[in-house]
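Residue strings, one per chain:
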Amino acid sequence: MYWLYAWNVSIKCPSRHRRERLNILLSEKYFGSFVGSMSITDPRDSFSSSLVRDAHARQTTAEAVQALFGNCVECFGWLPSESVPKFDRALWEMLANSSGLLGLSVPERYGGSDGNLADLAVLFHALGASGAALPLFGHVAVAAQAILAGGSEAQRGEWLPRIARGAIIASDGYCPDLSVRSGRLSGLARNVPHGRFADLLVVSNDHETWLMETADERVEIQRETAADHARPLDRVVFSDAPAAPLDDHVGAGEALHAAGYLALAAEALGGATAAADRILSLQLLKPTDPMMAAVSSARIAVLAAAEPIQPDPVRRRIALHRAKASASAAYLTLAKRLVDACSVDEPAASRHLARAQGFDRIMGPSAWHLGEIARLQAEQPCRPPLEN
């Protein structure tokens with residue numbers, strides 16, 4: 001079992017029923033045996049002091065999601081020899097029916113748990129540590145946030161409750177050459193997370209964002225060979241497929257990128273800490289090794305990106321780019337070290353490497369994010385010196 005840092009984060013659930021349901025998940029009775037702490041840092045140095053300042057509303061979300069992912073039959077949900085990516089539907093049903101975590105960042109009026117981006121970071125950190133085969137990224141982090149921020153009230157009312165219940169699976173696809181004619185879309189979206197399982201796609205280019213249902217005969221999902229069987233990345237081809245535009249493309253784009261970058265960063269950090277824990281358990285490195293410092297640096301970057309109060313939008317964008325680049329690079333470094341040190345019969349090592357390599361294919365590689373950081377920093381006006 002790969003344990004998590006104690007990320008104690010507030011979930012604002014005004015509904016008594018919904019709060020009681022989450023409290024059941026958090027209880028010692030059900031999940032006490034799964035609670036643990038990472039060995040590479042002081043467990044007192046948790047996200048609770050940085051992300052949560054309302055002690056009365058604090059909920060140990062990390063223990064809940066860790067317990068759920070701990071119920072996977074096998075860590076990382078797949079074997080390197082398998083040719084068909086897996087989707088843990090039993091765990092998906094558990095997330096949908098008993099935890100409310102699929103609607104973690106969806107407002108309560110649409111059937112969600114009314115959480116925020118910090119709550120999403122907790123969920124995706126747990127996903128990264130477990131490697132569970134779940135289509136959470138496109139569903140929770142991207143589609144839900146895009147519809148919430150950019151959709152009309154009718155679109156929110158139609159899709160957000162279904163996303164929160166897990167009644168559909170949503171994902172996203174970027175299509176730079178998107179063609180629009182009379183409300184119908186034509187184009188190709190690459191690297192669509194869990195595209196083969198998706199019922200609804202958020203399709204966007206640099207100017208528009210649309211909702212498209214994949215059941216239409218004019219939508220073809222082409223399954224690509226997956227290195228990471230827990231998260232296949234597929235091609236979606238569509239020709240004159242009916243779709244509905246989101247009212248606020250700018251708002252949808254900002255929301256899906258903020259949530260997407262943070263979710264991927266938190267997930268990569270979870271994978272990096274899991275790989276680091278495995279390396280330490282094999283006594284391949286000491287906790288003081290410089291390679292281990294990459295995990296701490298990534299954790300600091302994710303903390304900064306998850307901070308809910310950041311009035312400067314440019315600095316927030318820089319923090320999100322830095323978190324994605326730092327956590328992805330740290331995970332890849334540690335995964336390669338684990339593979340180099342272990343025998344070919346060590347399945348966890350190859351799984352970590354496959355997952356770590358996939359992060360550069362989703363929402364930009366680390367080099368692109370570092371370039372965006374440099375560009376944004378160059379555009380920022382110089383800050384005046386502090387007065388004595």
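The rules behind these values
Residues numbered from 1 in each chain as written. Predicted model: local features only at pLDDT ≥ 70, side-chain atom pairs only at ≥ 80, totals over all residues. Heavy atoms only, no water. Helix = DSSP H or I, 4+ residues; strand = E, 2+ residues; numbered from the N terminus. Buried < 20%, exposed > 50% of the residue type's maximum accessible area, 1.4 Å probe, protein only. Contact = heavy atoms within 4.5 Å. Areas by Shrake-Rupley, 256 points an atom, 1.4 Å probe, with all protein chains shown as cover. Phe/Tyr/Trp six-rings, centres within 6.5 Å; stacked < 30°, edge-to-face > 60°. Lys NZ or Arg CZ within 6 Å of the ring centre and 35° of its normal. Core = buried A, V, L, I, M, F, W, Y, C linked by side-chain atoms within 4.5 Å. Axes fitted to C-alpha atoms, helices over the stretch in contact; angles between N-to-C directions. Parallel < 35°, antiparallel > 145°, perpendicular 65-115°, else oblique. Left-handed = near helix turned anticlockwise from the far one by under 90°. Nonpolar A, V, L, I, M, F, W, Y, C, P; charged D, E, K, R; others polar. pLDDT = per-residue confidence, 0-100. Salt bridge = Lys/Arg side-chain N within 4 Å of Asp/Glu carboxyl O. Expected span 1.5 Å × (residues − 1). Bend = angle between axes of the 7 residues up to and from the residue. Pairing = 2+ DSSP bridges.

Undergrad: Requested: an account of the overall build of the chain, with residues and values cited.
TA: Helices and strands together make up the secondary structure of the chain, namely 13 helices and 10 strands. Within the chain, buried positions represent 57% of all 388 residues. A sequence separation of at least 24 residues applies to 76% of the contacts in the chain between residues at least 6 apart. A total of about 16,900 Å² of accessible surface is found on the chain, and carbon and sulfur atoms cover 52% of it.

Undergrad: Describe the packing of aromatic side chains, listing the residues and the values that go with them.
TA: Throughout the structure, instances matching the rule amount to one aromatic pair. When the centroid spacing of 6.0 Å and the interplanar angle of 65° are considered together, the rings of Tyr 331 and Phe 359 count as edge-to-face. A residue pair is termed long-range when its members are at least 10 positions apart, and Tyr 331 in helix H11 (residues 313–341) and Phe 359 in the loop between helix H12 (347–358) and helix H13 (366–379) qualify at 28 residues. Each member of the pair Tyr 331 and Phe 359 is classed as buried. Arg 231 extends its terminal NZ or CZ atom over the ring of Phe 359, reaching a point 5.1 Å from the ring centre.

Undergrad: Describe in detail the nonpolar core, supporting the description with residues and values.
TA: Residues Phe 124, Leu 134, Leu 136, Phe 137, Val 302, Leu 334 and Met 363 are the most contacted members of the largest nonpolar core, which totals 79 residues. Top element by residues in this core is helix H9 (residues 249–281). It accounts for 17 residues.

Undergrad: With reference to specific residues and values, describe the packing of H11 against H12.
TA: Contact geometry of H11 with H12 gives a least axis separation of 8 Å together with a crossing angle of 155°. Judged by the angle between their axes, H11 and H12 are roughly antiparallel. Taken as a pair, H11 and H12 cross one another with a handedness that is left-handed. Contact with H11, carried on its side by Tyr 331, Leu 332, Ala 335, Lys 336, Leu 338 and Val 339, involves Ala 349, Ser 350, His 352, Leu 353, Arg 355, Ala 356 and Gln 357 of H12 and no other residues of that element. Of the residues in the contact of H11 with H12, the class split is eight nonpolar, three polar and two charged.

Undergrad: So, the confidence of the model for the chain: which residues are in play, and what are the values?
TA: Looking at the chain, pLDDT values average 77 and 73% of them are 70 or higher. Long-range and interchain partners of residues 384–388, a stretch whose pLDDT sits below 50, account for zero contacts in this model, where long-range means more than four residues apart.

Undergrad: Describe the pattern of salt bridges, with residues and values.
TA: Per the stated rule, a full pass over the model turns up 12 salt bridges. Linking Asp 216 and Arg 218 is a salt bridge whose minimum nitrogen-to-oxygen distance equals 2.8 Å. A salt bridge links Glu 224 to Arg 235; the nearest nitrogen and oxygen atoms lie 3.8 Å apart. Taken together, the positions of Glu 224 in the loop between strand E8 (219–222) and strand E9 (233–242) and Arg 235 in strand E9 put the pair 11 residues apart, joining distant regions of the chain. Since its relative accessible area comes to 23%, Arg 235 is described here as partly exposed.

Undergrad: For helix H8 (residues 153–165), give the residues involved together with the corresponding values.
TA: Since the α-helix packs 3.6 residues into each turn, any two residues three or four apart lie on the same face. Taking 1.5 Å per residue, 13 residues should reach 18 Å; H8 reaches 18 Å between its end C-alpha atoms and fits that length. Along H8, the helix axis deviates most sharply at Trp 159, where the bend reaches about 25°; the proline Pro 161 sits within four residues downstream. Among the residues of H8, Gln 155, Arg 156, Trp 159, Leu 160, Pro 161, Ile 163 and Ala 164 are the ones counted as buried. Lining the buried residues of H8 we find helix H7 (136–150), strand E3 (170–174), strand E6 (200–204), strand E7 (209–213) and strand E10 (244–245). Taken from the residues just after H8, Gly 166 is the one with a positive phi, measuring 75°.

Undergrad: Could you give an account of the sheet that holds E10, naming the residues involved and the relevant values?
TA: In a beta sheet, neighbouring strands are held together by backbone hydrogen bonds and run either parallel or antiparallel to one another. Spatially, E3-E6-E7-E10 is the arrangement adopted by the four strands of the open sheet, whose pairing is mixed. Both edges of this open sheet fall to E3 and E10, since each of them pairs with a single strand only. Where E3 lies against E6, five bridges are found, and the strand directions are parallel. Bridging across to E6, Ala 170 finds its partner in Leu 200. Relative to E7, H8 is tilted by about 60°, and along the sheet it contacts E3, E6, E7 and E10.

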